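Report on the structure
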Amino acid sequence: MKIYNILIFSLLVPTLAFSNIRDEFPSYSYVFSEFDVPESFIDNPEFQDFIYKHKDNYRKRFISAVKDGGLVVPMMKNIIYERDISPIFLYISMVESQFNTKARSRTGAGGLWQFVVNTAKELKLTINDDIDERYDPVRSTNSAIEYLYRINNNLHSWYLTTMAYNCGNGCVNRSIEKAGTRRIDVLTSTNNSYIKKETKKYIKKVLLMAMIGENYLFKQNDRVGEIMHSLHRDGITPVRVRAGESLSRVASLLNMNQKYLNKINPHLKYEHTPYNRKYWINIPTSKVKDFNNIY
């Protein structure tokens, strides 16, 4: 009798645990609606298993990314608002780069949105001996939004667009053709090989990061929630400077730490603008008035 009871309990525990996902992540409904994911996907056993395996580690990564993102997130939010795309797509950048402006992958992808060279050039980002605009937080964010719209115009679904951001438009179209369906539960299932394992994990990771982040946004009395709400305090604004202008001189004029200026201008390889033309650099929004008065 005891063995029977233990067996029944062991079968029930995972079910009871999974049923609490909705309570633990009330933000899932909003996140799913923004990504065009059916609400029923929250009950998908493979997705729930993914959540339980990774949620603690991803929370740590999320907190680290938010702290690093204080320099760039306000600017990204403003651009996203101006370009009329959901703010939920910030989480793609978080997954791609942890909001590290200097992030570089083993495959050579770079910047907040991890563009490879060919994609960057298609999006008219300049890459030469002096500058690499994949690392410009402002230009790369504008290009990423353009790229997401371009993909979505073909796929007409934001979760498919997110998957295509990882493996390419053709990759997702081929997987849909093989599967004979666009359903996320089918495409991400471990029981088939319609799409790369990496892409299956990628969409789940973006959804979970978004669920974690949107949960914190509702917790204003929570330490991380307070950090999230405080990110609007300053931002980044591009200003035009003369040819060959150095970041050290601009930092001196604005009475600010050059390391801060370097961090939001990692696209300038030698910490100065090109010598052959006027160019834009990024400065803190709070310093724009000083810049206009002094420069």
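Residues numbered from 1 in each chain as written. Predicted model: local features only at pLDDT ≥ 70, side-chain atom pairs only at ≥ 80, totals over all residues. Heavy atoms only, no water.

1. Describing unusual backbone geometry
- The residue Asp-36 is not glycine, and still its phi comes out positive at about 65°.
- Tracing the chain through its elements places Asp-36 in the loop between helix 3 (28-34) and helix 4 (45-68).
- A positive phi angle is found at Gln-98, which is not glycine, with a value near 60°.
- Along the chain, Gln-98 turns up in the loop between helix 6 (90-97) and helix 7 (117-122). (Helix = DSSP H or I, 4+ residues; strand = E, 2+ residues; numbered from the N terminus.)

2. Details of the environment of Ile-85
- Looking at the element boundaries, Ile-85 is found in the loop between helix 5 (73-82) and helix 6.
- In sequence terms Ile-85 and Ile-145 are 60 residues apart; their C-alpha atoms lie 7.6 Å from each other.
- Excluding residues within four positions of it along the chain, Ile-85 makes contact with Ile-80, Ile-145, Leu-148, Tyr-149 and Trp-158. (Contact = heavy atoms within 4.5 Å.)

3. Quick look at the pattern of salt bridges
- Tallied over the full model, the rule gives 13 salt bridges.
- A salt bridge links Arg-139 to Glu-133, with the shortest nitrogen-to-oxygen separation between them at 3.3 Å.
- Take Glu-133: its relative accessible area is 6%, and that puts it in the buried class.
- Two residues, Glu-245 and Arg-242, come together in a salt bridge whose shortest N-O distance is 3.2 Å.
- Within the structure, one salt-bridge network assembled from shared partners comprises Glu-24, Lys-55, Asp-56 and Arg-59. (Salt bridge = Lys/Arg side-chain N within 4 Å of Asp/Glu carboxyl O. Buried < 20%, exposed > 50% of the residue type's maximum accessible area, 1.4 Å probe, protein only.)

4. A few points about the packing of aromatic side chains
- Tallied over the full model, the rule gives 13 aromatic pairs.
- Note on Phe-41 and Phe-47: the rings are 4.9 Å apart at their centroids and 25° apart in plane angle, and the pair reads as stacked. Here Phe-41 and Phe-47 have matching classes, each one buried.
- Members of the aromatic cluster, joined through ring pairs, are Tyr-28, Phe-32, Phe-41 and Phe-47. (Phe/Tyr/Trp six-rings, centres within 6.5 Å; stacked < 30°, edge-to-face > 60°.)

5. Some details on the packing of helix 8 (residues 137-155) against helix 9 (residues 158-167)
- In the contact formed by helix 8 and helix 9, the axes pass within 9 Å of each other and the chain directions differ by 120°. Relative to helix 9, helix 8 is oriented oblique. Relative to helix 9, the crossing made by helix 8 is right-handed. Residue-level contacts link Ala-144, Tyr-147, Leu-148, Tyr-149, Ile-151, Asn-152 and Leu-155 of helix 8 to Trp-158, Leu-160, Thr-161, Ala-164 and Tyr-165 of helix 9.
- Partitioned by chemical class, the residues of the contact of helix 8 with helix 9 number 10 nonpolar, 2 polar and no charged. (Axes fitted to C-alpha atoms, helices over the stretch in contact; angles between N-to-C directions. Parallel < 35°, antiparallel > 145°, perpendicular 65-115°, else oblique. Left-handed = near helix turned anticlockwise from the far one by under 90°. Nonpolar A, V, L, I, M, F, W, Y, C, P; charged D, E, K, R; others polar.)

6. Details of the confidence of the model for the protein
- Summing up the model confidence of the protein, the mean pLDDT is 90 and the portion of residues at 70 or higher is 88%.
- Between residues 4-18, whose pLDDT stays under 50, and residues either more than four places distant or in other chains, the model counts 5 contacts. (pLDDT = per-residue confidence, 0-100.)

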